[in-house]
Amino acid sequence: MNVEQFLYHEARLLDTQQYEAWLELFTDDATYWVPLEREQKDPFETSSIIHDDRTLLGLRVKQARHPRAHARLPLARTVHQVGNILVLKENEPEFLVASTLTLVEFRAERQRLWGALVEHRLRRTSAGLRIAHKRVDLVNSEGELDGIAILL
Amino acid sequence: MLQERIADLSKCVEPDRVRREVYTDPEIFELEMQRIHEQVWIYCGHESQVPKPGDYYTVQIGRQPMLMVRGAEGRISVLYNRCPHRGNMMCGDRHGNTGEFFRCSYHAWTFQHDGRLRSIPMMESGYAGTRYGRDNPDCSMKRAARVESYRGFVFASLAQGGPALAEFLGASRVAFDDMCDRAPAGEVEIVPNCFRVIQHSNWKIFLENQLDALHPSVVHQSTGRAAHEVEKQIEKRTGKAPLSYHMLSAFATVTIDKWDNFQTLNYPYGHCILTGYMGLRPKDPDTVAYEKTLIKAYGKQRTEEILAVNIHHVLIYPGLSVQSPLQQLRAVRPLGVDRTLTEIWHFRLKGAPEPIYRRSLAYYNLVNSPATLINADDLENFWKCHQGLASDGGDWVSFGRHHGHDIEKDGAVETAPNCGTSEAPMRNQMKAWAQYMRA
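Residues numbered from 1 in each chain as written. Chains lettered and ligands numbered in written order. Predicted model: local features only at pLDDT ≥ 70, side-chain atom pairs only at ≥ 80, totals over all residues. Heavy atoms only, no water.

Re the overall build of chain B
Within chain B one finds 16 helices and 23 strands. Over its C-alpha atoms chain B spans a radius of gyration of 23 Å, differing by no more than 12% from the 22 Å that the globule rule assigns to 439 residues. Counting all 439 residues of chain B, 57% fall into the buried class. In chain B, 66% of the contacts between residues at least 6 apart in sequence involve partners at least 24 apart. Accessible surface, chain B as shown: approximately 18,300 Å² in total, 50% of it carbon and sulfur. Separation between the mean location of the 51 positive side-chain charges and that of the 51 negative ones in chain B comes to 4 Å. (Helix = DSSP H or I, 4+ residues; strand = E, 2+ residues; numbered from the N terminus. Rg over C-alpha atoms; globule rule 2.2 N^0.38 Å. Buried < 20%, exposed > 50% of the residue type's maximum accessible area, 1.4 Å probe, protein only. Contact = heavy atoms within 4.5 Å. Areas by Shrake-Rupley, 256 points an atom, 1.4 Å probe, with all protein chains shown as cover. Lys, Arg positive; Asp, Glu negative; His and termini not counted. Charge placed at Lys NZ, Arg CZ, Asp CG, Glu CD.)

Here is the structure:
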């Protein structure tokens, strides 16, 4: 699978709510980061909207399936529109890939639109491409935010 | 219609219940802003947010857009964010540095950091013989009536009258003492930037939730259970799970009867304290190293006193909720009857080792971010609560849990033993609300 197809595949898993399969796309040492600040350099100088290792990401998926996960019952319907895919760096077996995300979410009679710049550090493994690091910079990360109960 | 409702406000609050209009009526909301938020001491920010002369941060007090600014001589002022000339907003950015003076982007009137008029372009020729000029206070940026700070936490009041800050805070000062005392240097420093979370609900719903010890086991059960499972798996694999998992799993493992072991303390002006603490004094190397820095700064006995302070939450009515042992606070900014902004800030303990900061940061992110497993479920319930109050299915919101078991002592109201899930804090807040609204 090439890089472009891989990112579409990831988006498809999220939009069809196959979160467990989505989680499998991440390496064991993966990190998943949604910074709070524009051009934030590291997750420790200030807060982060999400800063998860693979275990915490797994916790997110597990919680979403709990029958009393109030904000996720029912799960929102989403469309992850991935575009502007650009390989920034090739350094076998890893690739740094930039893309943009336009996300439409619908839940509880409300439709919301999100936009983000995304970076994936992908790693070629024996099982195929895997995500070693994903960074999602929401355009409104520093704005007033509603609860975010979806996976970006 | 309006007159009738105002006259009737006293009938909206009974000792153990409140009329639902108190949460849903836009006219009552306007009155609350006038009689409560634009009168009392409201938290503006921490001094370390504006370290250099000209640094400013905008802040909403009631319905008023304000800004907190550091002057050249170091003094902090709180000003209305408005040019006295034609009403232009002075600072459009949420925060920044204004330089040596404020300069309006419309007609270039300039002002000192304390709001005093500095210059108007061609003032002599343009305003000779008019009432406008440096001597007219109406040509300066208006200042908040009163500004005071306590241990670096800046408050402003838009009313001349009323108690001084220390008197207003009373016993709730422990929130700031506890937070600062836990720093070896005796003070805290802001972690730049905060979460700004919108709640689709009335501001009081959030405040009532803060000391509601019954809700965590219900609302956060899904997260607590998932975290508990993961914590056990990690422990099996590596012997020790990071503390952040324990903080999350506590939402499920601290059962309702255990929450009842905590106690609520309720004070004048609507302030409340929930004592009890989720067992966060572990013996890991990071904590041990941190306690050593405290002992070096304070001595053994004082360190023990500091670490023994047993607080879960302090609520400073009507605008602040502080979790001092975790160095975080939530400032409440009501935006409308059904819309509330919370600004959630995290602080660094000055002089404490880096791992202590990282640990509280992990907790802060996990619990407070709009994308967390905790806050998202609270936000969902706040919204549902406000929606439900629109219904004619009932006129009252009940605060009856353990009502009649409150103990009055030295001007404060304590809940009886094993009544930690009491709704006494909500009763106390509404008592203060009724007093303010009677004005």
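Digging into the overall build of chain A
Along the backbone of chain A there are three helices and six strands. Secondary structure elements of chain A, listed N to C terminal, follow the sequence α-α-β-β-α-β-β-β-β. A globule of 152 residues ought to have a C-alpha radius of gyration of about 15 Å, and chain A, at 15 Å, matches this closely. When the 152 residues of chain A are sorted by exposure, 53% land in the buried category. Taking as baseline every contact in chain A between residues at least 6 positions apart, the subset at least 24 positions apart corresponds to 54%. As presented, chain A carries roughly 7,400 Å² of accessible surface, and 49% of it is formed by carbon and sulfur atoms.

Some remarks on the layout of surface pockets
All names here are of chain B. In this model, the largest pocket occupies a volume close to 590 Å³. Every residue lining the largest pocket is counted, 28 residues in all, and those nearest its centre are Pro-242, Ser-244, Arg-358, Arg-359 and Ala-362. Of the residues forming the lining of the largest pocket, the biggest block, seven residues, is contributed by helix α14 (residues 354-368). Its residues placed into classes, the lining of the largest pocket shows 15 nonpolar, five polar and eight charged. Counting residues domain by domain, the lining of the largest pocket receives three or more from each of domain 2 (169-213 + 260-437) and domain 3 (221-257). (1 Å grid on protein atoms, 1.4 Å probe; cavity = no way out; pocket = protein on both sides within 12 Å on 5 of 7 lines; lining within 4 Å. Points joined across faces, edges and corners; volume = space filled by probe spheres on them. Nonpolar A, V, L, I, M, F, W, Y, C, P; charged D, E, K, R; others polar. Domains from an automatic or database assignment.)

Some remarks on the pattern of salt bridges
All names here are of chain B. A full pass over the atoms with the stated rule returns 41 salt bridges over all chains. In this structure, Arg-302 and Asp-181 form a salt bridge, with 3.2 Å as the shortest nitrogen-oxygen distance. In this pair, Arg-302 is assigned in helix α13 (residues 300-308) and Asp-181 in helix α6 (residues 174-181), connecting sequence segments 121 residues apart. (Salt bridge = Lys/Arg side-chain N within 4 Å of Asp/Glu carboxyl O.)

Topic: the sheet that holds strand β7 (residues 95-97) of chain B
All names here are of chain B. What the four strands build is an open sheet, ordered β6-β5-β4-β7; its pairing is antiparallel. Because the sheet does not close on itself, it has two edges, and the strands there are β6 (76-80) and β7. In this sheet, adjacent strand axes meet at a mean angle of 30° when their direction is disregarded. Of the pairings in the sheet, the one linking strand β5 (residues 64-70) to β6 comprises five bridges and is antiparallel in character. Residue pairing in the sheet places Val-69 in a bridge with Ser-77 of β6. (Pairing = 2+ DSSP bridges. Axes fitted to C-alpha atoms, helices over the stretch in contact; angles between N-to-C directions.)

Considerations on the packing of helix α12 (residues 285-298) of chain B against α13 of chain B
All names here are of chain B. α13 packs onto α12 with a crossing angle of 125° between their chain directions and a minimal axis gap of 7 Å. Here α12 lies oblique to α13, going by the angle between them. Note on packing geometry: the crossing formed by α12 with α13 is right-handed. Where α12 abuts α13, its residues Tyr-290, Glu-291, Leu-294, Ile-295 and Tyr-298 lie against Lys-300, Arg-302, Thr-303, Ile-306 and Leu-307. (Parallel < 35°, antiparallel > 145°, perpendicular 65-115°, else oblique. Left-handed = near helix turned anticlockwise from the far one by under 90°.)

A few points about the interface of chain A and chain B
Frequently, the measure chosen for interface size is the accessible area removed from exposure when the parts meet. Contacts between chain A and chain B engage 34 residues on the former and 45 residues on the latter. Here chain A and chain B share an interface that buries about 3,200 Å² over both sides, 54% of which is from carbon and sulfur atoms. Among the residues chain A hides against chain B, the three largest losses belong to Phe-44, His-70 and Glu-144 of chain A. Together they make up 20% of the total. Joining chain A to chain B, the criterion identifies five salt bridges. A salt bridge links Glu-144 of chain A to Arg-196 of chain B, with the nearest nitrogen and oxygen atoms 3.8 Å apart. Summed over the shared surface of chain A and chain B, the result is 22 residue pairs in polar contact (both at pLDDT 80 or more). Broken down by secondary-structure element, the contributors of at least two residues to the side of chain A that touches chain B are β2 (48-53) and α3 (54-64) of chain A. With six residues, α3 of chain A is the largest single contributor of residues to the side of chain A that touches chain B. Grouping the constituent residues of the side of chain A that touches chain B by class yields 13 nonpolar, nine polar and twelve charged. (Buried area = accessible area lost by both parts, 1.4 Å probe. Polar contact = N/O pair within 3.5 Å; in protein donor to acceptor, adjacent residues only side chain to side chain.)

Concerning unusual backbone geometry
Here Glu-92 of chain A and Pro-93 of chain A are connected by a cis peptide whose omega angle stands at 5°. For Pro-93 of chain A, the position within the fold is in the loop between β3 (77-91) and β4 (94-107). The peptide bond linking Tyr-317 of chain B to Pro-318 of chain B adopts the cis configuration, its omega dihedral lying at 10°. Note on placement: Pro-318 of chain B falls in the loop between β17 (311-316) and β18 (320-323). Residue Asn-193 of chain B is not a glycine yet carries a positive backbone phi of 75°.

Things to note about the packing of aromatic side chains
All names here are of chain B. Inspection of the entire model under this criterion finds 18 aromatic pairs over all chains. Measuring from centroid to centroid gives 6.2 Å for Tyr-43 and Phe-153, while their planes differ by 40°, and the two rings are tilted. Taken together, the residues Tyr-43 in strand β3 (residues 42-46) and Phe-153 in strand β12 (residues 153-157) connect sequence positions 110 residues apart. By the burial criterion, Tyr-43 is buried, and Phe-153 matches it. A ring pair is formed by Trp-109 and Tyr-127, whose centres lie 6.1 Å apart and whose planes are at 90°; its orientation type is edge-to-face. Separated by 18 residues along the polypeptide, Trp-109 in the loop between β8 (102-103) and β9 (110-111) and Tyr-127 in helix α4 (residues 123-127) bring together distant segments of the chain. Here the aromatic residues Tyr-43, Tyr-150, Phe-153, Phe-155, Phe-176 and Phe-347 are joined through ring pairs into a cluster of three or more. (Phe/Tyr/Trp six-rings, centres within 6.5 Å; stacked < 30°, edge-to-face > 60°.)

As for the domain arrangement of chain B
All names here are of chain B. The domains assigned to chain B are domain 1 (47-150), domain 2 (169-213 + 260-437) and domain 3 (221-257). Taken together, the contact pairs eight residues of domain 1 with twelve residues of domain 2. Together, the buried faces of domain 1 and domain 2 total about 910 Å²; carbon and sulfur atoms form 55% of this surface. Area buried by domain 1 at its contact with domain 2 is led by Ser-48, Arg-94 and Tyr-150, which between them contribute 58% of it. Where domain 1 meets domain 2, there are three residue pairs in polar contact (both at pLDDT 80 or more).

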